[in-house]
Amino acid sequence: LEAIVAGQTDLDFSSLRQGAQYEGFTPNEPYIESFWQVLEGFAMPRKRRFLAFCTGSDVAPAQGLQDLRLLVQRHGEEPTSRLPVAHTCFNLLLLPRYSSTEKLRAMLVTAVEWTEGFGLQ
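All values reported here derive from a predicted model rather than from experimental measurement. (Residues numbered from 1 in each chain as written. Predicted model: local features only at pLDDT ≥ 70, side-chain atom pairs only at ≥ 80, totals over all residues. Heavy atoms only, no water.)

K.L.:
Would you mind showing me how to read the environment of Cys89 here?
P.N.:
Among the secondary structure elements, Cys89 is positioned in the loop between strand S3 (85-87) and strand S4 (92-97). Taking relative accessible area as the criterion, Cys89 reaches 69% and is therefore assigned exposed. Sequence separation between Cys89 and Thr55 is 34 residues, and the spatial gap between their C-alpha atoms is 6.8 Å. (Helix = DSSP H or I, 4+ residues; strand = E, 2+ residues; numbered from the N terminus. Buried < 20%, exposed > 50% of the residue type's maximum accessible area, 1.4 Å probe, protein only.)

Given below as structure tokens:
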């Protein structure tokens, strides 16, 4: 009952990856592999922030993260200083193609940690 009301507390990003869809990327290309490695390397609080950044909620639905159908859409490439952008109503992540995994990680962390969301407490 708790999972239905409050959602799942465990964030299994391999399930999120299973349900993910892509535009401008392919699921098995090296850049997307790096993207998922970066996300898997996040500590649980940052995983929750990433989930809230993309979906507006930091908990998984009762059916699991694969049901979110996260859409990762290509949003430009280097040279860029553009941060990733999310549209929570559509579970959409606009992700530029950065030149390195280190820049990808830094830009994701910046976007996730500095997001304001709806500003509700």
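K.L.:
How should the nonpolar core be read in this particular structure?
P.N.:
The nonpolar side chains of a soluble globular protein tend to be buried with one another. The biggest cluster of nonpolar side chains holds 31 residues, and the ones touching the most others in it are Phe35, Trp36, Phe50, Leu95 and Leu108. Broken down by secondary-structure element, the contributors of at least two residues to this core are helix H2 (13-19), helix H3 (30-41), helix H4 (44-55), S4 and helix H5 (101-113). Leaving out residues up to four positions away in the same chain, Phe50 has contacts with Phe13, Leu16, Phe35, Leu39, Leu70, Leu93, Leu108 and Val112. (Core = buried A, V, L, I, M, F, W, Y, C linked by side-chain atoms within 4.5 Å. Contact = heavy atoms within 4.5 Å.)

K.L.:
Is there a simple way to think about empty space enclosed by the protein in this case?
P.N.:
Any empty space left between atoms is shown by rolling a water-sized probe over those atoms. Per the counting criterion, the structure on display carries 1 cavity of 30 Å³ or more. Counted as a void, the largest cavity has a volume near 30 Å³. Top contributing element to the lining of the largest cavity by residue count: H4, with 4 residues. Among the residues forming the lining of the largest cavity, the class breakdown is 6 nonpolar, 2 polar and no charged. (1 Å grid on protein atoms, 1.4 Å probe; cavity = no way out; pocket = protein on both sides within 12 Å on 5 of 7 lines; lining within 4 Å. Points joined across faces, edges and corners; volume = space filled by probe spheres on them. Nonpolar A, V, L, I, M, F, W, Y, C, P; charged D, E, K, R; others polar.)

K.L.:
Please clarify how the pairing of strand S2 (residues 71-77) should be interpreted in this entry.
P.N.:
On a regular strand, each side chain points to the face opposite its neighbour's, so the side chains alternate between the two faces of the sheet. Here 3 bridges tie strand S1 (residues 21-23) to S2, and the two strands are oriented parallel to one another. For Gln21, the partnering residue across the bridge sits in S2 and is Leu71. (Pairing = 2+ DSSP bridges.)

K.L.:
Please clarify how the confidence of the model for the protein should be interpreted in this entry.
P.N.:
Low-pLDDT stretches of the model should not have their predicted coordinates read in fine detail. Mean pLDDT over the protein stands at 89; residues scoring 70 or higher make up 88%. Overall, residues 1-7 carries pLDDT values under 50, and its contacts beyond four positions in sequence, including any with other chains, amount to 8 contacts. (pLDDT = per-residue confidence, 0-100.)

K.L.:
Looking at this model, I keep getting lost on the pattern of salt bridges. Mind explaining?
P.N.:
Any two side chains of opposite charge can pair if their charged atoms end up close together. Under the counting rule described, the total for this entry stands at 7 salt bridges. In this structure, Arg17 engages Glu33 in a salt bridge whose closest nitrogen and oxygen atoms are separated by 2.7 Å. With Arg17 in helix H2 and Glu33 in helix H3, this residue pair connects regions lying 16 residues apart in the sequence. Given a relative accessible area of 27%, Arg17 falls into the partly exposed group. With a shortest N-O distance of 2.5 Å, Glu29 and Arg97 are connected by a salt bridge. With Glu29 in the loop between S1 and H3 and Arg97 in strand S4, this residue pair connects regions lying 68 residues apart in the sequence. Take Arg97: its relative accessible area is 22%, and that puts it in the partly exposed class. When salt bridges with common partners are traced through the structure, they connect Arg46, Arg49 and Glu113 into a single cluster. (Salt bridge = Lys/Arg side-chain N within 4 Å of Asp/Glu carboxyl O.)

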